[in-house]
Every structure is written in C-alpha cells, then in structure tokens.
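Okay, here's what each chain looks like letter by letter:
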Amino acid sequence: MGLFDGMMGNASRVDPRAAAKEFGRLLAQGEEIHAAYQLIRDSFLFTDRRLVLVDKQGMTGRKVEYHSIPYRSITHFSVETAGTFDLDAELKIWLSGTAEPITKQFGKGVDVYEVQALLSAYVAR
C-alpha cells in the first residue's frame, strides 16, 4: 500500500493468506477469508460467511473493535468507480435497521469491480 493512499484513507488489497494468518483467531471453524483490504491501521475482510471490519482505536492501536456483519444483514450496496479528477473508488454498504451506509474508499490499485462481485455473490445467496 502506498503511504499517500494510506494517509488519504484509501484501502489497498491484502493477500488473503496473510490476512488469515493475522486474523485467524476471529474465524469460525472452516471459515475462509476470500479478500482483505487495509487502511493504515484498519482492515476489512470478506469471508465466505460475513464481512469483518477491524477498527484499531486510540493512539497505540492496542484497543481493537471487530465488527462482524453477516451478509444477510446487507440490504443493498453501491460501488462508485474512480473518475478523471476523483481518483478514488467508493463502496457504500447499507445494513438493515440503519439509515446511513458504511463507506469505504479504494485507491487506484484496487479492482472495485472485484469488490462488487464479491458482495454480489454473498448478498444474493
């Protein structure tokens, strides 16, 4: 991940095997990480069962919140591709019972169509 992308809050792709090594304790038996993305400190993981948002808090990042979202809770989502002047792609995910979406920014190096395909496959089950 580029430092500039990290400072701007943009996510970059992480190897799922490396993510499984780092976050393996969060996974249920037989659960697999299919895709992972990381900001400077925060991460989000697409498993075969749920979306996991990892929020490191405080100055040291020692306090961590793990937010688990079953795919069935996602009511809809949108993907906005990067443009000529707006270099970031954006993902918005709406959950049942919430008015505001979860929003994530993706830098140029992330295939936002891959993210959309992952969500389509899991949410449409």
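Preceding this paragraph is the structure being described.
Before going into details, it helps to say that this report is about the structure given with it. Keep in mind that what you see is a predicted model, and the values were worked out from it rather than measured. (Residues numbered from 1 in each chain as written. Predicted model: local features only at pLDDT ≥ 70, side-chain atom pairs only at ≥ 80, totals over all residues. Heavy atoms only, no water.)

Examining the pattern of salt bridges
Any two side chains of opposite charge can pair if their charged atoms end up close together.
Thought 1: Scanning the model with the defined rule gives four salt bridges in all.
Thought 2: Notably, a salt bridge pairs Asp15 with Arg17, separated by 3.3 Å at the nearest N-O pair.
Thought 3: Owing to a relative accessible area of 35%, Asp15 belongs among the partly exposed residues under this scheme. (Salt bridge = Lys/Arg side-chain N within 4 Å of Asp/Glu carboxyl O. Buried < 20%, exposed > 50% of the residue type's maximum accessible area, 1.4 Å probe, protein only.)

Examining the side chain of Thr47
Thought 1: Relative to the helices and strands, Thr47 is located in strand 3 (residues 43-47).
Thought 2: Only 2.7 Å separates the side chain of Thr47 from the side chain of Glu31, close enough to count as a polar contact.
Thought 3: Here the side chain of Thr47 touches Arg49 through a polar contact of 3.0 Å, landing on its backbone nitrogen.
Thought 4: Setting aside chain neighbours within four positions, we find Thr47 in contact with Leu27, Glu31, Glu32, Ile33, His34, Val52, Tyr71 and Tyr122. (Helix = DSSP H or I, 4+ residues; strand = E, 2+ residues; numbered from the N terminus. Polar contact = N/O pair within 3.5 Å; in protein donor to acceptor, adjacent residues only side chain to side chain. Contact = heavy atoms within 4.5 Å.)

Some points on the pairing of strand 5 (residues 63-70)
Every other side chain in a regular strand lies on the same face of the sheet, so the side chains alternate between the two faces.
Thought 1: One ladder, built from eight bridges, connects strand 4 (residues 50-57) with strand 5; its direction is antiparallel. Across the sheet, Arg50 pairs through a bridge with Pro70, a residue of strand 5.
Thought 2: Hairpin geometry of strand 4 and strand 5 is characterised by an intervening segment of five residues between the two adjacent antiparallel strands and by a positive phi of about 80° at Gly58. (Pairing = 2+ DSSP bridges.)

Comments concerning the pairing of strand 3
Thought 1: Counting buried positions along strand 3 gives five out of five residues, so the element sits mostly inside the fold.
Thought 2: Here strand 2 (residues 33-38) runs beside strand 3; their pairing, made up of five bridges, is antiparallel. In the strand pairing of strand 3, Gln38 is matched with Ser43.
Thought 3: The pairing of strand 3 with strand 4 spans four bridges and is classified as antiparallel. From the neighbouring strand, Ser43 faces strand 4, where its bridge partner is Val54.

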